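Observations on the three-dimensional arrangement
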Amino acid sequence: SEDFRNWLAERFFAVEKKPASSHAIDAALRVLKAKAKKGKTLDVHVRLAGDAGAVYLDLGDRDWRAVKVTADGWRVVKTPRVRFWRPPGMLPLPVPERAPACGLRALKRFVNVADEESFILAVAWLVGALNPRGPYPILQVEGEQGSGKSTTCRILCELIDPREVGLRRPPHDDRDLFIAARNSWVIGLDNLSGLPDWLSDTLCALATGAGFAKRALYTNINEVYLRGRRPIIVNGIDAIGRKGDFRDRCVRLVLPRLDAAIVDEATLYQHFETARPALLGALLDAVSAALRNWPTTTLTRTPRMADFARWVT
């Protein structure tokens, strides 16, 4: 990465008191790559990982701390047993706090849901997004102009995976979508007006787990591989996904139009930042409960995305 090249150049200057040439940097990188390939291979993760009955959430801070969630609760740890990496644009999460009695109900202040059932579905998507195994339903947020669709989606994304660009415009092809999945935990697509068939199909595949292969640059026979399984959130004015397989994977929210007297966005985000540590703590309490109750939870009916349904139940 560019960051590693810069670090290497800085270390060279600190020792030799002169800049390293591009040839020297490239030669050093080739040696380091060769040495690395002889070593042990370890899985690395973006933001969330699971390990032996525990869920690890990367806080993204300078100390590389994470939250370890088990069936007994959660705590902040300095040296998680799993490895994380930090893609460009990743922002830190707040250190979670023990939630007050209202727990996740405090989230209602910041999302414009129509009723109690809609709020439960929004919370279910959040809890499901912190299951490292997946699969993940696609949260489809609809509403007329002025219903706060983008703000609601942004709040939900920032609660679990804040980024410089949390909501993005739809990609141009499969490759761009899988690159986005490699570099973030939550995929957020903003202000859609329908979905082309290829994007609908690829989002469905990414929600349940899929891979993408493409010929490597400057080679004839080598391929590069991108794999992913990600929580997804999309919003638009009209019904976005019309294909049956897309609807089967969706949690659908229809937002009501906001009252003209609603608080301005700057004030809303200021209050959200204050509440965010406790909201994250309440969400982690729910994940701990999911881990604790998973072995004894059964469903009377097995729907599509059955593992998601059992996890949130």
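Details of the structure are given in the entry above.
Below you will find a few notes about this structure. Counting restarts for each chain, with residues numbered from 1 along the sequence as it is written. Only residues with pLDDT of 70 or above have their local features reported here, since the model is predicted, and side-chain atom pairs are shown and tallied only from 80 upward, although totals for entire chains, interfaces and linings are computed over all residues. With hydrogens and water stripped out, all remaining heavy atoms of the structure feed into the side-chain values.

Notes on the side chain of D161
To keep it simple, the criterion reads: A helix here means a DSSP run of H or I that spans at least four residues, while a strand means a run of E at least two residues long, and both kinds are numbered starting from the N terminus. A 3.5 Å cut-off defines polar contacts: any pair of N or O atoms within that distance qualifies, except that in protein one atom must be a possible hydrogen donor and the other a possible acceptor, and neighbouring residues in sequence count only when both atoms are side-chain atoms. Should any heavy atoms of two residues lie within 4.5 Å, those residues are counted as being in contact.
Mapped onto the fold, D161 is located in the loop between α4 (149–160) and α5 (174–182). Polar contacts involving the side chain of D161 include one to the main-chain amide nitrogen of V186, which spans 3.0 Å. In this view, D161 contacts R47, S184, W185 and V186; residues no more than four positions away in its chain are not counted.

Section: the sheet that holds strand β2 (residues 48–51)
Basically, it comes down to this: Paired strands are those between which DSSP finds at least two bridges. Simply put, an axis is a line fit to the C-alpha atoms, just over the touching stretch for a helix, and the angle between two N-to-C directions goes from 0 to 180 degrees.
Pairing in this open sheet of four strands is antiparallel, and the strands run β2-β3-β4-β5 from one edge to the other. Each end of this open sheet is capped by a strand with a single partner; those strands are β2 and β5 (73–77). Direction aside, neighbouring strands of the sheet carry axes that sit 25° apart on average. Looking at chain direction, strand β3 (residues 54–58) and strand β4 (residues 66–70) are connected through four bridges and run antiparallel. Within the sheet, the bridge partner assigned to V55 lies in β4 and is V69. Each of β3, β4 and β5 touches helix α8 (residues 265–293); the most contacted strand, β4, lies at about 35° to it.

What about the environment of V46?
Mapped onto the fold, V46 is located in the loop between β1 (44–45) and β2. In this structure, the C-alpha to C-alpha distance between V46 and R109, residues 63 residues apart in sequence, is 29 Å. If we ignore the near neighbours within four places in the chain, the residues touching V46 are F84, W85, P87, R182, N183, S184 and W185.

Remarks on the packing of aromatic side chains
Each aromatic ring pair is specified by the distance between its two centres and by the angle formed by the two planes. So the rule is basically this: To pair, rings of Phe, Tyr and Trp, with the six-membered ring standing in for Trp, must have centres within 6.5 Å; the planes then decide the type, stacked if under 30 degrees apart, edge-to-face if over 60, and tilted in the middle. Any residue under 20% of the maximum accessible area for its type is buried, any over 50% is exposed, and the rest in between are partly exposed; the area is computed with a 1.4 Å probe on protein chains only. In this analysis the charged atom, NZ for Lys or CZ for Arg, is taken to sit over a ring once it is within 6 Å of the ring centre and within 35 degrees of the ring normal.
Inspection of every chain in the model, using the stated rule, returns four aromatic pairs. Ring plane angle 70° and centroid distance 5.6 Å describe the contact between F110 and F272, whose orientation is recorded as edge-to-face. In this pair, F110 sits in the loop between β6 (83–84) and α3 (116–129) while F272 sits in helix α8, placing the two residues 162 residues apart along the sequence. Each member of the pair, F110 as well as F272, is classed as buried. Summarising the aromatic geometry, the rings of W294 and W311 are spaced 6.3 Å apart at their centres and angled 55° between planes, so their arrangement reads as tilted. Taken together, the residues W294 in the loop between α8 and α9 (306–312) and W311 in helix α9 connect sequence positions 17 residues apart. Classification of W311 as buried rests on a relative accessible area of 3%. The positively charged end of R98 is found above the aromatic ring belonging to W74, 3.7 Å away from the centroid. Seen from the ring of W294, R310 lies directly overhead, with NZ or CZ sitting 3.9 Å from the centre.

Here's the deal with the side chain of N183
Following the sequence through the fold, N183 ends up in the loop between α5 and β8 (187–192). Judged by its relative accessible area of 17%, N183 falls in the buried class. At a separation of 2.8 Å, a polar atom in the side chain of N183 contacts the main-chain carbonyl oxygen of I179. Those residues in contact with N183, other than ones at most four positions away along the chain, are V46, W85, P87, P88 and R163.

Topic: the sheet that holds β8
Taken in spatial order, the four strands of this open sheet run β8-β11-β7-β12, and their pairing is parallel. Here the strands that pair on one side only, and so sit at the sheet edges, are β8 and β12 (250–254). Here the average twist between neighbouring strands, direction ignored, is 15°. Both strand β7 (residues 138–142) and β12 contribute to a ladder of five bridges, which runs parallel. In the strand pairing of β12, L139 is matched with V251.

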